[in-house]
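# Coordinate inspection notes
Listed below are the residues making up each chain.
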Amino acid sequence: MAKIRKADSLDKQIDDNLRRVYSDAVNEPLPDRFAQLLQQLRDAEAGRDTAEKNGEDTK
Amino acid sequence: MTDIQDPKDELVEHLPAMRAFAQSLTRNSAAADDLVQDAVVKAWGNFDKFQVGTNMRAWLFTITRNTFYSQYRKRRREIEDPDGALAGQLSEKPAHDGRLVMSDFRTAFDQLSDEQREVLILVGAEGFSYEDAAEMCGCAVGTIKSRTNRARKRLAELMHLDEDEALEMTDAATLAVVKGSTAA
């Protein structure tokens with residue numbers, strides 16, 4: 001416990017940098033295409049549900 | 001509409017992490033976004049298989065990496081145009097202040113194998129347990145552990161950060177601690 005293993009220190013440096021690089025990427029703004037994609041998927045699903053309910057008023 | 005919250009509503013919260021993971025796999029932003037899009041469509045079509053209460057990020061990451069290995073890895077060899085200036089030489093040794101030079105770190109990371117980059121993101125950056133990572137990658141826990149160790153080691157080599165050098169940086173602290181402990 002009192003002994004600092006050199007490999008541990010190296011691993012810590014690597015993980016610190018990994019997390020930094022990764023969080024930079026995570027914090028990038030989300031391109032609009034993904035909001036559009038989710039909307040399209042929801043719309044398609046709603047369309048299917050409506051068709052299945054066969055004319056039932058969903059609004 | 002009035003029933004319990006749709007788990008699909010949670011998907012959007014994981015998209016930034018899925019993109020970051022996809023970027024580390026594809027090493028190309030355009031390909032990463034295509035990969036995420038494909039993974040989202042697949043997830044959407046399989047949401048009935050998602051078990052509510054389990055880790056959605058792990059589920060989505062599994063779909064993302066499976067899509068990458070089944071479709072993108074092959075395609076990438078044809079494009080071979082990573083935007084990380086992949087083949088560039090590492091500029092110089094990192095500064096001796098314990099911080100690695102960021103651009104060098106990214107360049108070194110991009111030179112790791114697909115499996116090595118994957119495991120470092122899952123375990124090192126996202127903080128998944130070895131057990132979770134093993135389940136996501138469809139391999140044994142021991143494989144994940146050894147792959148993580150090898151990936152860290154390879155990264156250190158690419159960064160010209162060998163263990164002696166790390167020791168050099170922590171020399172004073174190590175000596176102080178060792179001296180202190182032998183006295184006890």
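Model, not experiment: these values are computed from the prediction. (Residues numbered from 1 in each chain as written. Chains lettered and ligands numbered in written order. Predicted model: local features only at pLDDT ≥ 70, side-chain atom pairs only at ≥ 80, totals over all residues.)

### What about the overall build of chain A?
- Broken down by element type, chain A carries 2 helices and 0 strands.
- Burial analysis of chain A (59 residues in total) assigns 12% to the buried set. (Helix = DSSP H or I, 4+ residues; strand = E, 2+ residues; numbered from the N terminus. Buried ≥ 20, exposed ≤ 12 C-beta atoms within 10 Å, placed from the backbone.)

### Quick look at helix 1 (residues 11-26) of chain B
All names here are of chain B.
- Between its first and last C-alpha atoms helix 1 spans 21 Å; for 16 residues at 1.5 Å apiece the expected length is 22 Å, and the two agree.
- Its maximal kink placed at Ala17, helix 1 deviates by approximately 30 degrees.
- The first or second residue beyond helix 1 is Arg27, which carries a positive phi of 60 degrees. (Expected span 1.5 Å × (residues − 1). Bend = angle between axes of the 7 residues up to and from the residue.)

### Considerations on helix 7 (residues 141-158) of chain B
Residue and element names in this part refer to chain B.
- If you check helix 7, its first and last C-alpha atoms are 26 Å apart, about what 18 residues at 1.5 Å a residue would give, namely 26 Å.
- Those residues of helix 7 lying buried are Ile144, Arg147, Ala151, Arg152, Leu155 and Ala156.
- Count one or two residues on from helix 7 and you reach His160, which has phi positive near 55 degrees.

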